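What follows is the residue order along each chain.
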Amino acid sequence: MRWGRSIIRSRAGKTLVIDLLVDTQGIIRKCFISGDFFAYPETLINDIEKKLPGCRLGEALIMARKLVKDSTLLGITLEDLLMGLRQAYNDAVGQKTLDTIIRY
Amino acid sequence: MPEWRLIVDEGDLYWCMALDEAMLQLREQGRIPNTLRLYRILPDGVTIGYFQRVEDSVNLNYIREHGIPLTRRITGGGSVYHDGSGEVTYSVVAGISDVGVDILESYRRICRGIVYALRFFGVRAEFKPINDVVVDGKKISGSAQTRRKKALLQHGTFMYATDLDKLSQCLRAPKEKLESHGISSIRDRVTTLSEIIGRRPGLSEVLEALKKGFSRSLGVELKPSRHTKEELLLAENLIAKYKEGEWVFRK
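Residues numbered from 1 in each chain as written. Chains lettered and ligands numbered in written order. Predicted model: local features only at pLDDT ≥ 70, side-chain atom pairs only at ≥ 80, totals over all residues.

A. Local environment of the overall build of chain B. Helix and strand content of chain B: eleven helices and eleven strands. With the principal axes as the frame, chain B shows a C-alpha extent of 45 × 45 × 35 Å. Of all 251 residues assigned to chain B, the portion counted as buried reaches 48%. (Helix = DSSP H or I, 4+ residues; strand = E, 2+ residues; numbered from the N terminus. Buried ≥ 20, exposed ≤ 12 C-beta atoms within 10 Å, placed from the backbone.)

B. Summary view of the overall build of chain A. Secondary structure summary: chain A contains three helices and five strands in total. What you see for chain A is a C-alpha radius of gyration of 13 Å, in line with the 13 Å of a compact globule of 104 residues. Considering chain A as a whole, with its 104 residues, one finds that 38% of them fall into the buried category. Within chain A, counting contacts between residues at least 6 apart in sequence, those at least 24 apart form 52% of the total. (Rg over C-alpha atoms; globule rule 2.2 N^0.38 Å. Contact = placed C-beta atoms within 7 Å.)

C. Region of the structure containing the nonpolar core. Residue and element names in this part refer to chain B. Counting 82 residues, the largest nonpolar core has F158 and L210 as the members making the most contacts within it. Counting residues per element, this core draws most heavily on helix 1 (residues 13-28), at ten residues. Apart from residues no more than four positions distant in its own chain, L210 is found in contact with L38, V88, Y90, A117 and F158. Core analysis: the second largest hydrophobic core is formed by 14 residues, V80, Y81, L164 and I186 among them. (Core = buried A, V, L, I, M, F, W, Y, C linked by C-beta atoms within 7 Å.)

D. Structural view of the sheet that holds strand 11 (residues 221-224) of chain B. Residues and elements named next belong to chain B. Strand order in the open sheet formed by eight strands is 7-8-9-10-6-2-1-11, with mixed pairing between adjacent strands. Of all strands in the sheet, those with a lone pairing partner are strand 7 (126-128) and strand 11, marking the two edges. Within the sheet, the average angular offset between the axes of one strand and its neighbour, ignoring direction, is 25°. Relative to strand 10 (residues 151-159), strand 9 (residues 138-147) is paired through five bridges, and the arrangement is antiparallel. Paired with R147 across the strands is L152, a residue of strand 10. (Pairing = 2+ DSSP bridges. Axes fitted to C-alpha atoms, helices over the stretch in contact; angles between N-to-C directions.)

E. Molecular detail of unusual backbone geometry. Geometrically, the link from Y40(A) to P41(A) is a cis peptide bond, its omega value of -5° lying close to zero. Considering the arrangement of structural elements, one finds P41(A) in the loop between strand 4 (38-40) and helix 1 (43-51). The backbone phi angle of D136(B) is positive, close to 50°, even though this residue is not glycine. Within the fold, D136(B) resides in the loop between strand 8 (132-135) and strand 9.

F. Broad picture of the confidence of the model for chain A. Taken as a whole, chain A shows an average pLDDT of 92; of its residues, 91% reach a score of 70 or greater. In this model, residues 97-104 of chain A is a region of pLDDT below 50 whose contacts with residues beyond four sequence positions or in other chains number nine contacts. (pLDDT = per-residue confidence, 0-100.)

G. Main features of the interface of chain B and chain A. Chain B puts 18 residues into the contact, and the matching count from chain A is 18 residues. Residue assignment for the side of chain B that touches chain A shows that the elements contributing at least two residues are strand 9 and helix 7 (175-181) of chain B. In terms of residues, the side of chain B that touches chain A owes the most to one element, helix 7 of chain B, which gives three residues. When grouped by side-chain class, the residues that make up the side of chain B that touches chain A number five nonpolar, seven polar and six charged. (Nonpolar A, V, L, I, M, F, W, Y, C, P; charged D, E, K, R; others polar.)

H. Quick look at helix 2 (residues 57-69) of chain A. Residues and elements named next belong to chain A. Helix length check: helix 2, at 13 residues, gives a terminal C-alpha distance of 18 Å against a target of 18 Å (1.5 Å per residue), a fit within 8%. Among the residues of helix 2, those classed as buried are L57, A60, L61 and A64. Across the axial projection of helix 2, the buried residues extend over an arc of 100°, all falling on one side. Residues K66 and K69 are exposed on helix 2 and point more than 90 degrees away from its buried face. For helix 2, the elements touching its buried residues are strand 3 (28-35), helix 1 and helix 3 (78-93). (Expected span 1.5 Å × (residues − 1). Arc of directions from axis to C-beta.)

I. The arrangement of the sheet that holds strand 3 of chain A in detail. Residue and element names in this part refer to chain A. Strand order in the open sheet formed by three strands is 1-2-3, and the pairing between neighbours is antiparallel. Each edge of the sheet is formed by a strand with only one pairing partner; in this case those strands are strand 1 (2-9) and strand 3. Each neighbouring strand pair of the sheet contributes to a mean axis angle of 15°, computed without reference to strand direction. Sheet analysis places strand 2 (residues 15-22) next to strand 3, joined by seven bridges and oriented antiparallel. From the neighbouring strand, L20 faces strand 3, where its bridge partner is C31.

J. A look at the packing of helix 1 of chain B against helix 10 (residues 229-243) of chain B. Residue and element names in this part refer to chain B. Packing of helix 1 against helix 10 brings their axes to within 7 Å, and their N-to-C directions diverge by 125°. Classed by the angle they form, the pair helix 1 and helix 10 counts as oblique. Helix 10 is crossed by helix 1, and the crossing has right-handed handedness. Facing helix 1, whose interface residues are Y14, W15, M17, A18, L19, E21, A22, M23, Q25 and L26, helix 10 presents E230, E231, L234, A235, L238, I239, Y242 and K243. (Parallel < 35°, antiparallel > 145°, perpendicular 65-115°, else oblique. Left-handed = near helix turned anticlockwise from the far one by under 90°.)

K. Representation of the packing of helix 2 of chain A against helix 3 of chain A in the model. Residue and element names in this part refer to chain A. Where helix 2 contacts helix 3, the two axes come as close as 10 Å, and the packing angle between them is 155°. Relative to helix 3, helix 2 is oriented roughly antiparallel. Relative to helix 3, helix 2 is oriented so that their crossing is right-handed. Within the contact between the two elements, helix 2 uses L57, A60, L61, A64, R65 and V68 and helix 3 uses L78, L81, L82, L85, R86 and Y89. When the residues that make up the contact of helix 2 with helix 3 are grouped by side-chain class, the tally is ten nonpolar, no polar and two charged.

Written as structure tokens, this is what we have:
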């Protein structure tokens, strides 16, 4: 199991930090999302942190997209979040340039 | 013109944050009217945003060494140094439909109160989305908003004479954040009214300007008022949360 971290600086000037713990099978075990952005309702971030463990990257991205759909992110975009998840995951599994193809 | 309550008070960091939350809860339940609250946090303290990690957003060693109170807000956004002797904090607690359903528009409308207040001192400021008011590109005020189903709470700073050296000692910005601003420290990104006009404005002058500014931006008449017993009691009950390590260090 390894931790991976990504730090995304959004166009609006906010910071998004994602920490993922990924096991040897490529499954996310823990997820922490932090930063100085806004989310409405705030429970969105907690929901994402709770739902991603157990997912592989592809499933995690689909799940995050689904959860954000009914909420509003301010200061960061959905794309920032997805990119942050991808980068943190790749950092954890040690694949810096891995570009995962996902069908949404 | 609709009438809102105006409440001016002061207290310690935990009480001030607890009272803002109490007001939001009671406004949501329809138990208090729309309110503008202007307050001083005494002694000075530091708040961090709902989603922030303590170690990423403040200089914990400095804060501990100097015994500066620290808590987490229920609103998102960044870390704030509240200098009770150089900063007035405002909070707007109101029905969402009374301020604006669109989130960014409601930020703009409330933050314009700060812009108008600065105009009374002859200072041209502008709202910088999402949540800042800047003068010549430097931040003089930052705000943060949270919403329930019917009510919103937006609180923010008005730095009229904040000790900016202490501010930059207390707060920490991620390296990435500073680099994209092209500036090397927080100190260079912020300013105060006193720094701009070359004199230290009095507190009463500042409060008067804020009242007029918000009255204009919100299109309301402000009636001086006091907290209800229910508000004060609820705030008392919420104080413990703001002091708990579990809340402050939840991320």
